[in-house]
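Below are the chains, spelled out letter by letter.
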Amino acid sequence: MTNFHIDENAMMELVCATHNPDGTNFNSNVVLSAIEKILNSEKATDKEATGEMLEEFELNFREFSLKIQHLCFELTSKSSSMIDGHLTTICLLSTLSAYPWEAKMVLMLAAFSICNGKLNIFSQLHYRKGLREQLPIVMQMTNSTTSNDPNPIDDLIKCAMDLTKCIVEINQSSSDSLSQSVILALPMASYWIGRSIACIATNCACLPLTNIKFRSELNIITAKIKDTLSTCFPALEAKKAEESYKALKRALFHNSSDKLEVLKLIFNVIDGNEISLSTRQTPEVEKIGLNFFDEDKKVALLLTSGLDISNERIQILNNFYTNSISTPYILWIPIVDDHFSWSTKQHKEFRDKMEFEIMDDPHKRIARSFTRFVKENLLPHFQIGEEPILISLDQQGRIIHKNAMHMIQTWSPGYIEDRKLEVQERNNIFPFIEKEMKERSQGLDSLIFDIDEQISHLAGEVDEKINAWTSQINNMINKLRKQSNMYSTERENALWKKEKDWSLGLVVGEIDYRITSWIREGCYIFLYGGNDIKWVREFTSKVHEVRFKTDTAIMLIYMGKNETIRASIDEENMSHLLHSSYHSWRFWTRLRSALLSRINYLYATNCHGDVCDDEIAQGFKKLLGYECKGAIMEGWALLSKGQKVVVCGQGAKMLRVINEHESWKENVALKSFDQAFKDYYNKTLHTSCSSNSHSCCAFEYPVTLKDIPMKEKCPECFRDMQKMVTFTCHHGDN
């Protein structure tokens, strides 16, 4: 029997000495597929299939049929003697010296499958004649085991095939990408593949399968092959992961023929293209196929850092999801680490809050390649520990907006989707046509007695055709609206092009219906805030006095974040308030989103140099600077006339203008309340004691902003502000 205690270094040198490649190669995958067909056909009851496979193989691979015949001769000629399997293997490798390592393995397996296939056919012919003693050796070995016993020959062949497949698949990429461990394993992998078929062919000729030494040799070779496979398999897994990642990146950024194919890459979908989703409307988890997201359905991906998504953020998304007629289907994807554990309790808690779709086990479902894609390609939009983002996809599965979250917080769904875009119906078409035709046919009634009836009939036909055309065009618009995802970067930029001025509508959006109503009515509106209850009381009282004295429609609403002051205002009924703490949070979150969206628009349109001069951006910054955590502000106020923002300033100056109403009240009649207020405010600015008379402002940029400026001007004194770096721990959005 063979001695396995050969010096491995010496064996390596001997194997490498047989290797002298000259560039000869072939499509290994195609040959491997043919080999599998032959080996599988040998197990079938109809042995004619094996013969057909052999004929097909010889027909398709004529270019190296002589080489395979040579290998077959080496195997069969040595199978009748006790020649050492090691020497047989070296002989096989020498015969294949011109081929690369993976090609040697494939050709040796091809020779084995052909030899075994032909012997299989031969054995069946003789078996039918009752010549059991003339059965080929391999068939005797196979038939000597019961159906319940494990067959070490089958196990060895399977291991050899698995190792060969692994190495062939690894070598589909460039050799530069191969790890050093795989390169070093190739010679010995070839050796043990050859050794396995030599063992079966040589030893089986003399020993039954029940022979203990033979079975031991089979087990040793199998263990060696499995050990080599364990070295190569991680490289194969890494290659598959890299290919999956590149395919996903290419699909999301460039082109894909099908949105469903992209979703399959994002999710680990292997069980009949099904994923388990549930919402608050469907409390029981129901299995749905990815075909649910067909061509008529738009998709957006909500990405969060772990489970950090606040109730307020969920409420915003719920409102967006339910109030839009063509909202994308939102799939929540929490980006978590490998140690994350998703519980049934967590699933129920989020399911009871969310109107949109959540998966039964996000950690298990989300492909690793997508998590990698998010971390490497969606910066600065998404960062661990930062706010959620909303990725918008088109019908081909490409990303059309890396973060539509700011977009949906700035504008209402109806405005984004432009629902007013349609052919306008007119009710006066019929009488207009009838009148026109009667004017053209005056005097004809004496010749054509039913001229009026004809005109009415014609007007009715024209009216019907116009209405049908109007309906047809509007249906086309609605179909396009349903199919097209309006939540794109292009659409966001188009919306900003419409916004020419900083207006109160941009400041408040649709946060409070009362403010919207006051804007339409052209009222004077004071928005104000601050952290000093004394200032708030005085400002509120003085504004009420001025309103009574001038009989001017002045509306006052507290917008500050301070919950203590909110409670005092509500208790003392000092002025209007936003409905709840959620609406206050929503106002400031929306304001911040609007600013970031505006800045991104300025960068996208190559106006980044104008960020500091942009009226809209500066208006947002000013308000946000007043309520920033680092600000020391007793109060602030904004005065508007309808949509127009008249003045926005620090509390002490605004209160001074109100207190000194007697000094500028005469100008109200000559100009207007808003112009008189503004003129006196500007005069107050110039007569201030010093540039340091105002309270401290502060402003925070999120790290997810594409380009944070090196300098920032104070919104009050216009001097350079001090730049600080702050690390803040956020558990959720609160």
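Predicted, not measured: the structure shown is a model, and the values here were computed from it.

Colleague: Looking at this model, I keep getting lost on the sheet that holds strand β9 (residues 554–558). Mind explaining?
Modeller: Hydrogen bonding along the main chain pairs the strands of a sheet, whether they run parallel or antiparallel. Overall, mixed pairing links the 5 strands, which are arranged β10-β9-β8-β11-β12 in an open sheet. Among the strands making up the open sheet, the edge pair consists of β10 (576–577) and β12 (644–650). As judged from the 5 bridges shared by strand β8 (residues 524–529) and β9, these two strands associate in the parallel manner. Bridge assignment links L527 to a residue of β9, and that residue is I557. Strands β8, β9 and β11 (636–641) of the sheet are contacted by helix α23 (residues 533–550), whose axis makes an angle of about 165° with β9.

Colleague: Explanation requested: the pairing of β11 in the structure shown.
Modeller: When a strand is regular, its side chains alternate between the sheet's two faces. Taken across its 6 residues, β11 has 5 buried, putting it largely inside the fold. In terms of strand pairing, β8 meets β11 through 6 bridges, oriented antiparallel. For Y524, the partnering residue across the bridge sits in β11 and is K641. Strand direction decides the pairing type here: β11 and β12, joined by 6 bridges, are antiparallel. From the neighbouring strand, L639 faces β12, where its bridge partner is V647. Adjacent in sequence and paired antiparallel, β11 and β12 are bridged by 2 residues, among which G642 carries a positive phi angle near 65°.

Colleague: Could you clarify how one ought to interpret the packing of aromatic side chains in this entry?
Modeller: Geometrically, a pair of aromatic rings is defined through the distance of the ring centres and the angle of the planes. Per the stated rule, a full pass over the model turns up 25 aromatic pairs. Three or more aromatic residues joined by ring pairs make a cluster, and in this case those are Y524, F526, Y528, W535, F539, Y558, W664, F673 and F677. The ring centre of F350 lies 5.6 Å from the NZ or CZ of K353, which sits over that ring. One residue, K641, lies across the ring of Y524, its end atom 5.3 Å from the ring centre.

Analysis parameters
Residues numbered from 1 in each chain as written. Predicted model: local features only at pLDDT ≥ 70, side-chain atom pairs only at ≥ 80, totals over all residues. Heavy atoms only, no water. Pairing = 2+ DSSP bridges. Helix = DSSP H or I, 4+ residues; strand = E, 2+ residues; numbered from the N terminus. Contact = heavy atoms within 4.5 Å. Axes fitted to C-alpha atoms, helices over the stretch in contact; angles between N-to-C directions. Buried < 20%, exposed > 50% of the residue type's maximum accessible area, 1.4 Å probe, protein only. Phe/Tyr/Trp six-rings, centres within 6.5 Å; stacked < 30°, edge-to-face > 60°. Lys NZ or Arg CZ within 6 Å of the ring centre and 35° of its normal.

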